[in-house]
Amino acid sequence: MIKKYIKEKLSWLLLLGGLQIIFLFVAYVDSSIPFMPVLYIVGLNVMVCTAFVFLRYHKETRFYHRIGAWDEVYDLSTFKGADSPFERMVEEAVTAQTERYRLESSANFHLLEQEKDDLLSWIHEVKTPLTAMQLMIERLPDETLKRQIMYEWLRIHHLLDQQLHQKRIPFMHNDLYIEKTRLEPILNQEIRALKSWCIPKGVGFDVELTVEEVLTDGKWLGFMLRQLLTNAVKYSEYSDILIQSRDTGEHVVLTIQDHGRGIDPKDLPRIYDKGFTSTTGRQEGAATGMGLYLTKQAAEPLLIDIQAASQPGEGTTFTLTFPRKNDFLSISGM
């Protein structure tokens, strides 16, 4: 800050220095003026000016030090220490600008909330005709056509479900209810929902639950399992998906292992990135790159650690490590 202060006052310092040089020059060329007394006066002037600059430095930079440390967008308490007219001009300008930004931010937040509510309402409205369509599809006599239409219906259903939860995740902490949750009913529900995909592809499920209960939110766990099971079925053919739970002594672990095409090692660090759709099979247009991203986003408030291991051509294993009860002490309302 002292370098900036000297740079700010450089013109005044040069003016004062120039005046002292002029005094010395006049005393030097004018023999009627004694040079040594003038030199003495100039020396005193230099010392007084130097002391004055250092004394004023702390007072004049105190306000700007507070600005430099300012990290609260709408907290204007930093600017209450303005003393000089210029500092008050800065305070008034920043206060006016901040108030304008505050109003704009509030208006934009209201618009975003309105857009979110409208979209959620629309998704819920769309679910009604989708349910009616499912009942109609189930009455079709042609089994081949029935499977094909049900496959596309399920894709639409999952995309809407992803969009619904994507809008809810930022406010997920308001919708958590942590309790002991049985895994079997949730898994059975998600597996039944995927049967129209599994039968044509010859995909089955082998479920071995050594531990039947975990500490989590059942609704959000169901959403996470839906994304993982959907991916496992999508990239598997004529093989079983193995689902196992076990107690490691400290945590309950749930693994979902498929024998599909697997994930390229260079893609593994990026699979949870928003919109990432793998570097292999990029000609496929069905992937949205949102499933694993949303799964990771939902896992964080639930304190679930999710890890992936894969070998190309051999399959992929996702491991969910559930927290202990003590891990939720920081979550209010439990």
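The notes below deal with the structure included here. (Residues numbered from 1 in each chain as written. Predicted model: local features only at pLDDT ≥ 70, side-chain atom pairs only at ≥ 80, totals over all residues. Heavy atoms only, no water.)

For the protein, the count of helices and strands is nine helices and seven strands. A burial count over the protein gives 32% of its 334 residues as buried. Excluding contacts between residues fewer than 6 apart, the proportion of contacts in the protein whose partners are at least 24 apart in sequence is 68%. (Helix = DSSP H or I, 4+ residues; strand = E, 2+ residues; numbered from the N terminus. Buried < 20%, exposed > 50% of the residue type's maximum accessible area, 1.4 Å probe, protein only. Contact = heavy atoms within 4.5 Å.)

Looking now at the packing of aromatic side chains. In total, this model carries three aromatic pairs according to the counting rule given. Relative to Phe 35, the ring of Tyr 28 lies with its centre 6.3 Å away and its plane at 75 degrees, an arrangement referred to as edge-to-face. The exposure class of Tyr 28 is exposed, given its relative accessible area of 65%. Overall, the relative accessible area of 31% leaves Phe 35 in the partly exposed class. Geometrically, the ring pair formed by Trp 220 and Phe 223 is edge-to-face, given 6.0 Å between the ring centres and 85 degrees between the ring planes. Of this pair, Trp 220 and Phe 223 both sit in helix 8 (residues 218-234), three residues apart, roughly one helical turn. Since its relative accessible area comes to 1%, Trp 220 is described here as buried. Using a relative accessible area of 0% as the deciding quantity, one classes Phe 223 as buried. For the cation-ring pair, Lys 116 lies above Phe 171, with the distance from its terminal atom to the ring centre recorded as 4.7 Å. Positioned above the aromatic ring of Tyr 272 is the side chain of Lys 296, whose terminal nitrogen or guanidinium carbon lies 5.1 Å from the ring centre. (Phe/Tyr/Trp six-rings, centres within 6.5 Å; stacked < 30°, edge-to-face > 60°. Lys NZ or Arg CZ within 6 Å of the ring centre and 35° of its normal.)

Turning to unusual backbone geometry, a few remarks are in order. The phi angle at Tyr 238 is positive, at roughly 50 degrees, despite the residue not being glycine. Note on placement: Tyr 238 falls in the loop between helix 8 and strand 4 (240-247). Given the relative accessible area of 66%, Tyr 238 is considered exposed. With phi around 60 degrees, Leu 303 is a residue other than glycine that occupies positive phi space. Residue Leu 303 is classed as partly exposed on the basis of its relative accessible area of 36%.

Bringing the sheet that holds strand 5 (residues 252-257) into the picture now. Taken in spatial order, the five strands make up an open sheet running 2-4-5-7-6, and their pairing is mixed. Each edge of the open sheet carries a strand with a single partner, namely strand 2 (204-209) and strand 6 (305-311). In this sheet, neighbouring strand axes are inclined to one another by 15 degrees on average, regardless of whether the strands run parallel or antiparallel. In the sheet, strand 4 pairs with strand 5 via six bridges, with the strands oriented antiparallel. Its bridge partner lying in strand 5, Ile 243 is registered against Ile 256. (Pairing = 2+ DSSP bridges. Axes fitted to C-alpha atoms, helices over the stretch in contact; angles between N-to-C directions.)

In the structure shown here, the tally under the stated rule is eight salt bridges. Overlapping salt bridges bring together Asp 161, Glu 190 and Arg 226 as one network. (Salt bridge = Lys/Arg side-chain N within 4 Å of Asp/Glu carboxyl O.)

So, about the side chain of Ser 196. Looking at where Ser 196 falls in the secondary structure, it is placed in helix 7 (residues 195-201). When near neighbours in sequence (up to four residues on either side) are disregarded, Ser 196 contacts Met 150 and Leu 154.

The geometry of helix 8 relative to helix 9 (residues 291-299) is characterised by a closest axis approach of 9 Å and an angle of 155 degrees between their N-to-C directions. Considering their axes alone, helix 8 and helix 9 lie roughly antiparallel with respect to each other. As helix 8 runs across helix 9, the sense of the crossing is left-handed. Mapping the contact onto sequence places Trp 220, Phe 223, Met 224, Gln 227, Leu 228 and Asn 231 in helix 8 and Gly 291, Leu 292, Leu 294, Thr 295, Ala 298 and Ala 299 in helix 9. Among the residues making up the contact of helix 8 with helix 9, the classes are represented as eight nonpolar, four polar and no charged. (Parallel < 35°, antiparallel > 145°, perpendicular 65-115°, else oblique. Left-handed = near helix turned anticlockwise from the far one by under 90°. Nonpolar A, V, L, I, M, F, W, Y, C, P; charged D, E, K, R; others polar.)

The next subject is helix 6 (residues 183-193). Leu 183, Ile 186, Leu 187, Glu 190 and Ile 191 are the residues of helix 6 that are buried. Buried residues of helix 6 fall within an arc of 125 degrees about the axis and therefore sit on the same side. (Arc of directions from axis to C-beta.)

Considered as a void within the structure, the second largest pocket measures approximately 630 Å³ in volume. Mapped by element, the contributors of at least two residues to the lining of the second largest pocket are helix 4 (85-138), helix 5 (143-168), helix 6, helix 7 and helix 8. Element by element, the count of residues in the lining of the second largest pocket is highest for helix 5, at twelve residues. Here the lining of the second largest pocket is built from residues that sort into nine nonpolar, eight polar and twelve charged. (1 Å grid on protein atoms, 1.4 Å probe; cavity = no way out; pocket = protein on both sides within 12 Å on 5 of 7 lines; lining within 4 Å. Points joined across faces, edges and corners; volume = space filled by probe spheres on them.)

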